[in-house]
Amino acid sequence: MDTTYEAVGGMEFFQSLVAAFYVNVERDPLLRPLYPPDLTDSAKWMTLFLSQYFGGPGMYSEIKGHPRLRMRHGHLQIGVRERDAWWQAMHDAVIASGVAEPYRGAMLEYFTTAADWMINHDDQTPTET
Ligand code: HEM
């Protein structure tokens, strides 16, 4: 097993991880409105992106080009609250997947760092009164 992708179960693993993540998004009143009404495409791109990131086939970049994730989130206002809600939805999906260590830790570490990096909006600053 050379890659995390292979070790955790390949495309099927990422499909079910992402499905569980979007069930959590559906239920989250802060996150849900940020996503398009139909989550099918979001789930597809997320599955291809994560598979590629963790060492699987490079389909995401073949179709979409360089991931440029921060840019692809640029139209969204992502502050600490959005980051936290997103992280919780993904954390819970990772735990529910039952993925074993060291992969679980590696995934959570990646999601923590990358979710931080997606913050593009300071929602902590009170607006002027
Ligand atoms: C580890 C961090 C993250 C990763 C790897 C990630 C990955 C992705 C990917 C691959 C897409 C599909 C983009 C595309 O190719 O079209 C996407 C869309 C999206 N992401 Fe993230 N994301 C992350 C963090 C966040 C955070 C913190 C939020 C905060 C709310 C967020 C909200 C969204 C939304 C709302 C969309 C749908 C955008 C649209 O279709 O208009 N993401 N994300």
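For the structure, see preceding data.
Scoring rules and cut-offs
- Residues numbered from 1 in each chain as written.
- Predicted model: local features only at pLDDT ≥ 70, side-chain atom pairs only at ≥ 80, totals over all residues.
- Heavy atoms only, no water.
- Donors = N, O, S within 2.8 Å, 3.2 Å for Na, K, Ca; no water.
- Helix = DSSP H or I, 4+ residues; strand = E, 2+ residues; numbered from the N terminus.
- Near = heavy atom within 4 Å.
- Polar contact = N/O pair within 3.5 Å; in protein donor to acceptor, adjacent residues only side chain to side chain.
- 1 Å grid on protein atoms, 1.4 Å probe; cavity = no way out; pocket = protein on both sides within 12 Å on 5 of 7 lines; lining within 4 Å.
- Sits in = over half its atoms within 2 Å of the grid points.
- Points joined across faces, edges and corners; volume = space filled by probe spheres on them.
- Nonpolar A, V, L, I, M, F, W, Y, C, P; charged D, E, K, R; others polar.
- Buried < 20%, exposed > 50% of the residue type's maximum accessible area, 1.4 Å probe, protein only.
- Axes fitted to C-alpha atoms, helices over the stretch in contact; angles between N-to-C directions.
- Parallel < 35°, antiparallel > 145°, perpendicular 65-115°, else oblique.
- Left-handed = near helix turned anticlockwise from the far one by under 90°.
- Contact = heavy atoms within 4.5 Å.

## Quick look at the coordination of the iron atom of the ligand
Protein coordination of the iron atom of the ligand rests on one atom only, His73 (NE2), at 2.0 Å. Note on placement: His73 falls in the loop between α5 (69-72) and α6 (80-97).

## Considerations on the site of the ligand
Near the ligand, the surroundings consist of 22 residues, among which Tyr60, Lys64, His73, His75 and Ala114 are the closest. Tyr60 has a polar side-chain atom sitting 2.6 Å from an oxygen atom of the ligand. Note that an oxygen atom of the ligand is positioned 2.9 Å from one of the side-chain N or O atoms of His75. Because more than half of its atoms lie within 2 Å of the grid, the ligand is assigned to the largest pocket.

## Observations concerning the layout of surface pockets
Volume-wise, the largest pocket comes out at about 700 Å³. In terms of lining residues, the largest pocket is bounded by 26 residues, among which Tyr22, Tyr35, Arg72, His73 and Leu76 are the most central. Elements represented by at least two residues in the lining of the largest pocket include exactly α3 (40-53), α4 (59-64), α5, α6 and α7 (103-117). Counted by class, the lining of the largest pocket contains 19 nonpolar, three polar and four charged residues.

## Topic: unusual backbone geometry
Put simply, Glu101 and Pro102 share a cis peptide bond, and its omega is 5 degrees. Checked against the element boundaries, Pro102 lands in the loop between α6 and α7. Unusually for a residue other than glycine, Arg68 sits at a positive phi of about 40 degrees. The exposure class assigned to Arg68 is partly exposed, which follows from its relative accessible area of 47%.

## Considerations on the packing of α6 against α7
Where α6 meets α7, the axes come as close as 10 Å, and the angle between the chain directions of the two elements is 165 degrees. On the basis of the axis angle, α6 is roughly antiparallel to α7. The chirality of how α6 crosses α7 is right-handed. The segment α6 lies against α7, with Arg83, Trp86, Trp87, Met90, His91, Val94 and Ile95 engaging Arg104, Leu108, Phe111, Thr112, Ala115 and Asp116. Along the lines of polarity and charge, the residues of the contact of α6 with α7 split into eight nonpolar, two polar and three charged.

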